[in-house]
Each structure stands twice: as C-alpha cells, then as structure tokens.
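Coordinates in review
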Amino acid sequence: MRILIVIVSSLLWVWFLGCTITWRFGKVLLVEGMGIRSAEFMALVLFTVGMILYLLWEPIGKWVLLIELALWLTVQFFCHEYFSIFGASPRKIEGYNQCFEGSVKLFPVSTTRLVPDLYHVVLHVLIALDLVLVIVAMFE
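In what follows, the accompanying structure is described. (Residues numbered from 1 in each chain as written. Predicted model: local features only at pLDDT ≥ 70, side-chain atom pairs only at ≥ 80, totals over all residues. Heavy atoms only, no water.)

1. Quick notes on helix H4 (residues 90–99)
Note: α-helices contain 3.6 residues per turn, so residues at a spacing of three or four share the same orientation. Along H4, the residues classified as buried are Ile93, Tyr96 and Asn97. Looking down the long axis of H4, one finds its buried residues gathered within 95 degrees of arc, a one-sided arrangement. In this structure, H4 carries Arg91, Gln98 and Cys99 as exposed residues pointing more than 90 degrees from its buried face. Those residues of H4 hidden inside the fold are in contact with helix H3 (58–86) and helix H5 (118–138). (Buried < 20%, exposed > 50% of the residue type's maximum accessible area, 1.4 Å probe, protein only. Helix = DSSP H or I, 4+ residues; strand = E, 2+ residues; numbered from the N terminus. Arc of directions from axis to C-beta. Contact = heavy atoms within 4.5 Å.)

Structure representation (structure tokens):
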C-alpha cells in the first residue's frame, strides 16, 4: 500500500504543480499557473511536507497526509463541485468560464451550470484516490 500511496501522491504532486506553473503542450493549455505567491503554491508546499513526513516517518506522516488530503478535498469541493452540483450564480459561472477559458474541456462550457475543466476533474480524482488509499492504509 505504501508504494501505491507514494505513486499516487507523486502523480498528484506533479499534476498540482500546474497550479503554480503553467502546463502548456504546444497550443493546448492544460492549466494556467498562479505562481509562487499564491494560495495554490502554499497548498503545494504543505502537501510536499506531508509527503516527506510520510516517506521519512510514516506513523506521523500518514496522519498529516490524511488531514491535508481531507481538507484539500473539502476545499476543492466547495470551490468547484458544489457549484457544479447545486448551481451557481451567473456571475460565478461567468468568472469561472473566463478564468479557465483556454483550458482543455471534457464537456462543453455552459452559461447556466459550472462545468469543471479536464485539469480539475483529474485533480479531484487524484486527491480523492490518494485520500482513500491513506484511509485504507490506516487500517492495515
């Protein structure tokens, strides 16, 4: 289980790095990075600390990862999925669509419903998967 957690956490770290630096492949924009002076960078630093603690001192590190991943998934839910599921104001939808205008979409953009882009769908799946793996490891 430890190896699986390390693999998924590493994939999540690399994927989330896109919130700090821009992931662009030719003309395809995956995500626009917010830079090192952003809340996203601080989240990346905290996640890095959690990963290092897990690698060096697993009994404590798995608790740190558990708490970080649970909080991170909660924040992501209330910043993204909540509005996708329960709806958002036209202003929120317009702002979201403008912010992620050039990013890769799995589904067409809507003016009536917040539709997450590919980057956020994968990010949220990786966070949830990592969280589930850490929870399962707690009971081994």
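2. Comments concerning H5
Given a rise of 1.5 Å per residue, 21 residues ought to cover 30 Å, and the 30 Å separating the end C-alpha atoms of H5 matches this to within 8%. Where H5 is buried, its residues meet helix H1 (2–16), strand E1 (23–25), strand E2 (28–31), helix H2 (39–56), H3 and H4. (Expected span 1.5 Å × (residues − 1).)

3. Some points on empty space enclosed by the protein
By the definition in use, this model includes 1 cavity of 30 Å³ or more. Roughly 40 Å³ of internal volume is contained in the largest cavity. Elements that contribute at least two residues to the lining of the largest cavity include exactly H1 and H2. Sort the elements by how many residues they give to the lining of the largest cavity and H1 lands first, with 4 residues. Here the residues of the lining of the largest cavity are counted per class, giving 6 nonpolar, 2 polar and no charged. (1 Å grid on protein atoms, 1.4 Å probe; cavity = no way out; pocket = protein on both sides within 12 Å on 5 of 7 lines; lining within 4 Å. Points joined across faces, edges and corners; volume = space filled by probe spheres on them. Nonpolar A, V, L, I, M, F, W, Y, C, P; charged D, E, K, R; others polar.)

4. What about the packing of H2 against H3?
One can describe the packing of H2 onto H3 by two numbers: an axis separation of 6 Å at closest approach and a directional angle of 155 degrees. By the angle class used here, H2 and H3 are roughly antiparallel. The two elements H2 and H3 cross, and the hand of that crossing is left-handed. Every residue of H3 that contacts H2 at Leu46, Phe47, Gly50, Met51, Leu53, Tyr54 and Leu56 is listed here: Glu58, Gly61, Lys62, Val64, Leu65, Glu68, Leu69 and Trp72. (Axes fitted to C-alpha atoms, helices over the stretch in contact; angles between N-to-C directions. Parallel < 35°, antiparallel > 145°, perpendicular 65-115°, else oblique. Left-handed = near helix turned anticlockwise from the far one by under 90°.)

5. Section: the packing of aromatic side chains
Taken as a whole and assessed by the stated rule, the structure comprises 9 aromatic pairs. Note on phenylalanine 77 and tyrosine 82: the rings are 6.3 Å apart at their centroids and 80 degrees apart in plane angle, and the pair reads as edge-to-face. Looking at tyrosine 82, the relative accessible area reads 32%, which means it is partly exposed. Each member of the aromatic cluster is reached from another via a ring pair, and the members are Phe77, Phe78, Tyr82, Phe83 and Phe86. In this structure, arginine 2 is placed above the aromatic ring of tyrosine 54, and the distance from its NZ or CZ to the ring centre is 5.2 Å. (Phe/Tyr/Trp six-rings, centres within 6.5 Å; stacked < 30°, edge-to-face > 60°. Lys NZ or Arg CZ within 6 Å of the ring centre and 35° of its normal.)

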